[in-house]
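Overview (structure and organization)
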Amino acid sequence: MTDQAAPMLTADIQLIQRIIPHRYPFLLVDKVRDIIPNKTATGIKNVTFNEPQFQGHFPGTPIFPGVQIIEALAQTACVLVGVSLDLADKNMLVYFMGIDAAKFRRKVIPGDVLELRVEVKRGGGKVWKFTGSATVEGELAAECEFTAMMDMPKG
């Protein structure tokens, strides 16, 4: 008997927008790949100079804000939950409940591609807990643990 892993799933930008409500300029994930339902996923964020935060963070030295890296991890986690629970087109909202052990290890600048790996620590109901790490070309940029509440509209 062979032990075969389930195929990994991918969410393109169209599916992402059917799962989470975020839109420009706050949609921070371009695609999510390597989705293993209820377990892990990897989001991709292409950091480009024409994003609005670079007008002020910082003029002449554009650096992608650390809080937006954490938000991109959370959006990746929302897509993981949405795919896991078949929540496309269900108008799910998600709220941070806590962010713990956040650490920032390297600058993220225009031209970088953030790989946003999230892993479920606890989930299945309304409250989910995740660990997340963001890397650029294999180098750790940020990491944290975070808790979120999935809020589904009634009716």
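Here the structure is shown first, and the text comes after it.
Residues numbered from 1 in each chain as written. Predicted model: local features only at pLDDT ≥ 70, side-chain atom pairs only at ≥ 80, totals over all residues. Heavy atoms only, no water.

1. Considerations on the nonpolar core
Within the largest apolar cluster, 41 residues are counted, with the highest numbers of intra-cluster contacts made by I16, V32, F64, V108, L114, F130 and F146. If you list the elements that add at least two residues to this core, you get α1 (13–19), β2 (31–36), α2 (66–84), β5 (113–122), β6 (127–136) and β7 (139–151). At 10 residues, the largest contribution of residues to this core is made by α2. Non-local contacts of V108, meaning those with residues more than four positions away in its chain, are made with V47, P62, I63, F64, I69, L114, V136 and A141. (Core = buried A, V, L, I, M, F, W, Y, C linked by side-chain atoms within 4.5 Å. Buried < 20%, exposed > 50% of the residue type's maximum accessible area, 1.4 Å probe, protein only. Helix = DSSP H or I, 4+ residues; strand = E, 2+ residues; numbered from the N terminus. Contact = heavy atoms within 4.5 Å.)

2. Side note on the packing of aromatic side chains
Two aromatic rings are characterised by how far apart their centres lie and by the angle between their planes. Following the criterion strictly, the structure yields four aromatic pairs and no others. Seen in terms of ring centroids, F54 and F64 are 6.3 Å apart; in terms of plane orientation they differ by 50°. Their pairing is tilted. Taken together, the residues span a long stretch of sequence, with F54 in the loop between β3 (40–46) and α2 and F64 in the loop between β3 and α2 at a distance of 10 residues. Both residues of the pair, F54 and F64, count as buried. Between W128 and F130 the ring centres are 6.1 Å apart and the planes differ by 10°, which places this aromatic pair in the stacked class. There is no split in this pair, since W128 and F130 are both buried. The structure contains a cluster of three or more aromatic residues connected by ring pairs, namely F96, W128, F130 and F146. (Phe/Tyr/Trp six-rings, centres within 6.5 Å; stacked < 30°, edge-to-face > 60°.)

3. Some points on the side chain of T76
Residue placement: T76 occurs in helix α2. Ignoring any residue separated from it by four or fewer positions in sequence, one finds T76 in contact with V29, V32, A41, T42, G43, L116 and V118.

4. Things to note about the pairing of β6
Sheet topology places β5 next to β6; eight bridges connect them, and they run antiparallel. For E119, the partnering residue across the bridge sits in β6 and is T131. Turn length for the β5-β6 hairpin, with the two strands adjacent in sequence and antiparallel, is four residues, and the turn residue G124 shows positive phi of about 115°. Two strands pair when backbone bridges link them, and β6 and β7 are joined in this way by 10 bridges, in the antiparallel orientation. Counted as the bridge partner of T135 is L140 from β7. Here β6 hands over to β7 after two residues, with E137 in that stretch at a positive phi of 50°. (Pairing = 2+ DSSP bridges.)

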